[in-house]
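Structural description and commentary
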Amino acid sequence: MTAQILDGRAQSAAILDRVTTQVAAFVAAHGRVPVLATVLVGDDPASHTYVRMKANRCAKVGMQSRRLDLDASISTETLVEKIRELSADPEVDGILLQHPVPDHIDERAAFEAIAPAKDVDGVTRTSFAMMAFDEGGFHSATPGGIMALLDAYDIPLAGRHAVVVGRSPILGKPVGMLLLARNATVTYCHSRTTDLADHVARADVVVAAVGRPALIRGEWIKPGAVVVDAGYADNSGDVEYEPAAERASYITPVPGGVGPMTIAVLIDQTMKAAQARETARAARLGLTAATTGPE
Ligand code: NAP
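Along each chain, numbering runs from 1 in the same order as the chain's sequence is written. Per-residue local features are limited, in this predicted model, to residues with pLDDT of at least 70; the limit for side-chain atom pairs, both in listing and counting, is 80 or more; totals at the level of whole chains, interfaces and linings are taken over all residues. Water and hydrogen atoms were dropped before computing side-chain values, which therefore reflect all heavy atoms in the structure.

- As annotated in an unreviewed UniProt entry, the protein is Bifunctional protein FolD from Pseudofrankia inefficax.
- Per UniProt, the comment on the protein under Sequence similarities (unreviewed entry) is "Belongs to the tetrahydrofolate dehydrogenase/cyclohydrolase family."
- UniProt positions are given in the numbering used here, feature names are shortened, and annotations may be inferred rather than shown by experiment. Under the UniProt heading Function (unreviewed entry), the entry covering the protein gives this text: "Catalyzes the oxidation of 5,10-methylenetetrahydrofolate to 5,10-methenyltetrahydrofolate and then the hydrolysis of 5,10-methenyltetrahydrofolate to 10-formyltetrahydrofolate."

Spelled out as structure tokens, the structure:
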């Protein structure tokens, strides 16, 4: 068997096309452009590249991005204050804190300074809890992108055994919960898992989210399984691509699989945040009109 490619570039382009139309309608209706604020701490070249790519995608769909670049030596307190200012800023619809942040910063405290209504990267406890309770809210961007990619190819999930390798709060853990919400039977593997090969070999769907090239050997993949490789380190995914593609039914390439979907979800969720803020504003104005009565 040679796997069909799960083409993240094509699917992300389709999402961005839809958002472009939505942005134009939003501007016509509200006379303003949705705004994504990006916060970058320090000068890690990869993080700079990611933030630039996100700003480029914003421009492509007609949104505005506002960039806040901060010195690597910034304290947690100052960073939290800056993010709270963006949370309170009426012109900002979505906030992205590019991570990882430098080691001395309390990343969780910085994430929690993002107002849940603007948490378009889905990193706050509120977003996580809403996702875990299956109550909507903003998905963590990469897990949301993985689910959108699986759905684009009509991959069935109910009753299937999904093995998620990695359990970080922004990737492994939430993608497992999203798969569970779709009635997959989910196994989490992590650095203390013994017999990783045996777990992977029983998977109908494998999601690799580690960041260790070729950790998952092609020969472990069950024939016909779906392989989603979110890992990215040293220009490589976590899965040994060629031998895995020989056995899988579907597989994501690296690059061109999960990565483009992550940005598309971020932009899509920024559009949703802008729309939700305008809906809330209209409701507030309606309430004011109702309580003050006709003039
Ligand atoms: P992370 O926070 O470092 O988490 C890595 C996870 O891998 C941890 O849960 C860790 O287990 C587990 N792990 C480490 N060694 C392992 C092993 N030998 N066997 C099984 N599990 C092992 O990383 P992350 O932020 O989740 O990112 C993971 C990867 O995804 C990275 O390559 C990152 O670049 C990539 N990524 C891609 C995108 C995208 O848009 N494509 C977005 C985000 C991240 P413990 O919990 O036990 O330590």
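On we go from here.
**Focus: the UniProt feature "domain: Tetrahydrofolate dehydrogenase/cyclohydrolase catalytic" (unreviewed entry) in the protein**
- Mapped onto the present numbering, the UniProt feature "domain: Tetrahydrofolate dehydrogenase/cyclohydrolase catalytic" (unreviewed entry) falls on residues 6–121.
- Secondary structure within residues 6–121 divides into 51% helix and 16% strand; the distance between the first and last C-alpha atoms comes to 22 Å. Per the convention used, a helix needs a DSSP run of H or I reaching at least four residues, while a strand needs a run of E reaching at least two, with both numbered from the N terminus.

**Side note on the site of the ligand**
- In the vicinity of the ligand, 20 residues are found, and the nearest of them are Arg167, Ser168, Ser191, Tyr232 and Thr262.
- A distance of 2.8 Å is found between an oxygen atom of the ligand and a backbone nitrogen or oxygen belonging to Tyr232.
- Between an oxygen atom of the ligand and a side-chain N or O atom of Thr262, the distance comes to 2.8 Å.
- Here the Shrake-Rupley method, with its probe set to 1.4 Å, supplies the accessible areas, and only the displayed protein chains count as covering residues. Within the complex, 68% of the 920 Å² of free accessible area of the ligand lies under protein. Each residue is tested against the molecule or strand, and it is near if at least one of its non-hydrogen atoms lies within 4 Å. Any N or O atom pair separated by 3.5 Å or less is treated as a polar contact, with the protein-specific requirement of one donor-capable and one acceptor-capable atom, and with residues adjacent in sequence counted only for side-chain atom pairs.

**Observations regarding unusual backbone geometry**
- Cis rather than trans, the peptide bond between His99 and Pro100 has omega equal to 5°.
- Relative to the helices and strands, Pro100 resides in the loop between β4 (94–97) and α4 (107–112).
- Note that the residue after Val254, namely Pro255, is joined by a cis bond; omega there is 0°.
- By the secondary structure assignment, Pro255 is in the loop between β9 (250–251) and α10 (258–292).
- A positive phi angle, near 60°, is found at Asp195, a position not held by glycine.
- With a phi angle near 50°, Asp234 is a residue other than glycine that sits in the positive phi range.

**A look at the environment of Met147**
- Along the chain, the position of Met147 falls in helix α6 (residues 141–152).
- Note: C-alpha distance between Met147 and Val175 (28 residues apart in sequence) is 7.9 Å.
- Excluding residues that lie within four positions of it along the chain, Met147 makes contacts with Leu157, Leu178, Leu179 and Arg182. Residues count as neighbours in contact if any of their non-hydrogen atoms are within 4.5 Å of one another.

**Topic: the sheet that holds strand β2 (residues 35–41)**
- In spatial order, the strands read β3-β2-β4; together these three strands make up an open sheet with parallel pairing. Sheet topology places β3 (64–70) and β4 at the edges, where each strand pairs with a single neighbour. Strand after strand, the sheet turns through a mean of 20° between neighbouring axes, direction not considered.
- For two strands to be treated as a pair, DSSP must find no fewer than two bridges joining them. Of the pairings in the sheet, the one linking β2 to β3 comprises seven bridges and is parallel in character. To obtain an axis, a line is fitted to C-alpha atoms, over the contacting stretch when the element is a helix, and the angle between two such axes runs from 0 to 180 degrees between their N-to-C directions.

**Here's the deal with the pattern of salt bridges**
- In what follows, salt bridge is the name for a side-chain nitrogen of Lys or Arg lying within 4 Å of a carboxyl oxygen of Asp or Glu. This structure, assessed with the given rule, holds 13 salt bridges.
- Across the pair Asp89 and Arg66 runs a salt bridge, and its minimum N-O distance is 3.0 Å. Of this pair, Asp89 sits in the loop between α3 (76–88) and β4 while Arg66 is found in strand β3, placing the two residues 23 residues apart along the sequence.
- For Asp89, a relative accessible area of 18% gives the class buried.
- Here the salt bridges do not stand alone but share partners, grouping Arg32, Asp93, Arg277, Glu278 and Arg281 into one network. Between buried and exposed lies partly exposed: a residue is buried under 20% and exposed over 50% of the maximum accessible area for its type, with that area taken using a 1.4 Å probe on protein chains only.

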